[in-house]
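Commentary on secondary and tertiary structure
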2 protein chains.
Amino acid sequence: MPTPEDLLDQTVSVIEPLDAEAMRAARERQAGLTKPAGALGVLEDLSVQWAGIHAACPPPYPEELAVVVFAGDHGVVAQGVTPWPQEVTTAMVENFRAGGAAVNVLTAEAGGDVVVVDIGVAGDIKEDEVVWSRKVRRGTADLSLGAAMTRDEAVLAISAGVQVALDLIDQGYDVLATGDMGIGNTTASACLVAALTGRSAAEVTGRGTGVDDATLELKTRIVEAAVGRLASDTDGIAVVAEVGGLEHAGLAGLILGAASRRVPVVLDGLIAGAAALVAQRLSATSIDYCIAGHRSVEPGHRAALEALGLRPLIDLDLRLGEGSGAALAFPIVRSAVAVLRDMATFESAQIESGDQS
Amino acid sequence: MPTPEDLLDQTVSVIEPLDAEAMRAARERQAGLTKPAGALGVLEDLSVQWAGIHAACPPPYPEELAVVVFAGDHGVVAQGVTPWPQEVTTAMVENFRAGGAAVNVLTAEAGGDVVVVDIGVAGDIKEDEVVWSRKVRRGTADLSLGAAMTRDEAVLAISAGVQVALDLIDQGYDVLATGDMGIGNTTASACLVAALTGRSAAEVTGRGTGVDDATLELKTRIVEAAVGRLASDTDGIAVVAEVGGLEHAGLAGLILGAASRRVPVVLDGLIAGAAALVAQRLSATSIDYCIAGHRSVEPGHRAALEALGLRPLIDLDLRLGEGSGAALAFPIVRSAVAVLRDMATFESAQIESGDQS
């Protein structure tokens, strides 16, 4: 077994750019399909990215989706940044296991499977086929008082995420989506977005699951102070260790692991965006394998998407997390690939093209 | 058999408002599901509308989708408003029949069936199970020179659309989506949107399948002049007769027919929006049964959606028509209903709610 550091270094070192030749072929194929050039907008761009990810045109149709929900707790809840008690993280993991949460319903609709990874829940979580135990520690330390975790713990959590991706791909999943659960994790996400985009705490801190004005003010002050402790040249691992969450570290690893195997990742909302910013620091190329499922109402998510250069597929005022937005968007991804693979060409349908372009 | 006028009058007279009691029950049910209140944004509103449409909570899950593509030709193509020859309408109907068009691929992804209605194609179209012959005339007259069709023809086309909806519902379809095909139909759509929203021709005329600047200018002048012929108190039927298309009339009928049976309709882009404005004039309540699948890049579609009071589910720069945006959005509709039906409640999952609201 490689050490966590070695696994991470090795993973990052094998991430390759998208295949330019397959992307060129996909653009050419799109131009010959029976529709005006560009008339399917973002679907066409998405199909070209998919071809580049798989280095093939036509690229393979996505067959097996896993929505991977990393669950962890946050010491900062002691400051009162959320009305929800910490025990809800554990209770929701049980809800995921039982199939009753939004992510279960939406993933079933998308034809995928939910996998939950206990990367750092404070409570005891039983392991089974649905819930994988990869606990690095029982929740982070309170990031308002000092580092959320040690650098070694951050590396361990990122590497665990890499290994989860590799294991799922070995099991036959050919597309991964990010999910998350952790009471208090919008506070850590806001810290990561502020630290990694240079935006102010006020710009990127939001109401999460629905806090009132006074709590939003408190949350913003905590984010500002925590990010203020970071030196400007802090690396991605140190940033997630100081002000992040275990699920952010795990998700960053998931993205890197998937990219290292040329497997696409559909991102959910704010927490995924913050985690992708961490992955971007470790491998900017890894983001080429990512598709933004949706845009959350959280202001930090907008900032993260801009820094990642990703356009969301869905923008319907969701603010739930769990992977709900990624699962909801997955049929659009599948449709985009199907168009490139299955539509008739002007030639095959014997139709005269009227394109002026 | 009732006359076309009688069928239309009878249909409009039985359209009822959404069921307020079912909507109240749906809102209450949403509040008890294992998520923060409102965290699924537009999905929650959609599930409440669905309950109101079906007068039931939980409402039925959508099982059988038909994407109904009304095809017709437009005399105004003689003015050079599009680079595509009129024969492409006929050729695309054959492409729909063969299953090679974007709407076929996207509808298959959505788990639905494509039904094509020849409501006024200029060329000869063979009838079979997929393509229904309801031809009112071989294309409209040139709307830049005079009325596109007679009032009787408009009534006949609307009634044909009503009957198509009733027949599909009798066959077991429980959700309809609108599609369209007709070279030149963005010009007629812009006329309808301008006439029925009061916007200027310049505001609502767009590039359709991709015309150049000179053609856009010509198209805008034609729209302005045609709409200028209408008196301000012209009724919906007269507007579609003077400046509309046969597929607009058919689609307006489809919406009315579906609403009269409490069956929801997922709208596609500009052409659907223009047709829905006609339906709105005949029965404002019919729009409560409509869901906007997407927002097209066509400026007239934005204006139509605003006048209809509908928020689109998808906004991905599509400008194809055919029903592509409606089919693409359908999985979101299904997901919204599934959430309301299938999610666990705080009570059933024994989770403490942290909602402050």
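Shown above is the structure to which this text applies.
A brief look at the structure comes next. Since this is a predicted model, take the numbers as computed values, not measurements. (Residues numbered from 1 in each chain as written. Chains lettered and ligands numbered in written order. Predicted model: local features only at pLDDT ≥ 70, side-chain atom pairs only at ≥ 80, totals over all residues. Heavy atoms only, no water.)

All names here are of chain B. As for its position among the elements, D73 is in the loop between β1 (65-72) and α4 (87-98). This buried residue, D73, is left without a salt bridge; K135 holds the nearest opposite charge, at 7.0 Å. For D73, the side chain forms a polar contact with the side chain of T89, separated by 2.7 Å. Each residue touching D73, except ones within four places of it in the same chain, is listed here: Q86, T89, G120, V121, A122, G123, G139, T140 and I183. (Helix = DSSP H or I, 4+ residues; strand = E, 2+ residues; numbered from the N terminus. Buried < 20%, exposed > 50% of the residue type's maximum accessible area, 1.4 Å probe, protein only. Lys, Arg positive; Asp, Glu negative; His and termini not counted. Salt bridge = Lys/Arg side-chain N within 4 Å of Asp/Glu carboxyl O. Polar contact = N/O pair within 3.5 Å; in protein donor to acceptor, adjacent residues only side chain to side chain. Contact = heavy atoms within 4.5 Å.)

Let us now look at the relation of the copies chain A and chain B. For these two chains of identical sequence, chain A goes onto chain B by a turn of 180 degrees and a shift of 0.0 Å along the axis, with RMSD 0.0 Å. Taken together, the rotation and translation relating the two chain copies correspond to the operation of a two-fold axis. Nearest to the rotation axis, the C-alpha of I314 of chain A is located 3.1 Å from it, this being the minimum over chain A. Interface overlap between copies: 100% of the residues of chain A at the interface are likewise at the interface in chain B, consistent with a symmetric, same-surface contact. (Least-squares fit on C-alpha atoms with pLDDT ≥ 70 in both.)

Sheet strands associate in pairs through backbone hydrogen bonding, adopting either a parallel or an antiparallel arrangement. All names here are of chain B. Across the sheet, which stays open at both edges, the 6 strands sit in the order β3-β2-β1-β4-β5-β6 with parallel pairing between neighbours. In this open sheet, the two edge strands, each paired with only one partner strand, are β3 (131-133) and β6 (290-292). In this sheet, adjacent strand axes meet at a mean angle of 30 degrees when their direction is disregarded. Contacts from helix α14 (residues 324-342) reach β1, β4 (175-181), β5 (265-267) and β6 within the one sheet, and its direction differs from that of β5 by about 130 degrees. (Pairing = 2+ DSSP bridges. Axes fitted to C-alpha atoms, helices over the stretch in contact; angles between N-to-C directions.)

The amide bond that connects C57 of chain A to the next residue, P58 of chain A, takes the cis arrangement and shows omega of 0 degrees. As for its position among the elements, P58 of chain A is in the loop between α3 (41-54) and β1 (65-72). Even without glycine at this site, A55 of chain B takes up a positive phi of about 50 degrees. Tracing the sequence through the fold places A55 of chain B in the loop between α3 (41-54) and β1. What makes A55 of chain B partly exposed here is its relative accessible area of 39%. Here R262 of chain B, not a glycine, exhibits a phi torsion of approximately 60 degrees, which is positive. Relative to the helices and strands, R262 of chain B is located in the loop between α11 (246-260) and β5.

Our focus in this paragraph is the sheet that holds strand β4 (residues 175-181) of chain A. All names here are of chain A. Read from one edge of the open sheet, 6 strands run β3-β2-β1-β4-β5-β6, paired in parallel fashion. Two strands bound the open sheet, and with one partner strand each, they are β3 (131-133) and β6 (290-292). Averaged over all adjacent pairs, the angle separating strand axes in this sheet is 30 degrees, with direction ignored. Across 7 bridges, β1 lies against strand β2 (residues 113-120) in parallel orientation.

Residues and elements named next belong to chain A. The end-to-end C-alpha distance of helix α6 (residues 151-170), which contains 20 residues, comes to 29 Å, matching closely the 28 Å that a straight helix rising 1.5 Å per residue would cover. Most of α6 sits inside the fold, with 14 of its 20 residues counted as buried. Phi for G172, located one or two positions after α6, is positive at around 115 degrees. (Expected span 1.5 Å × (residues − 1).)

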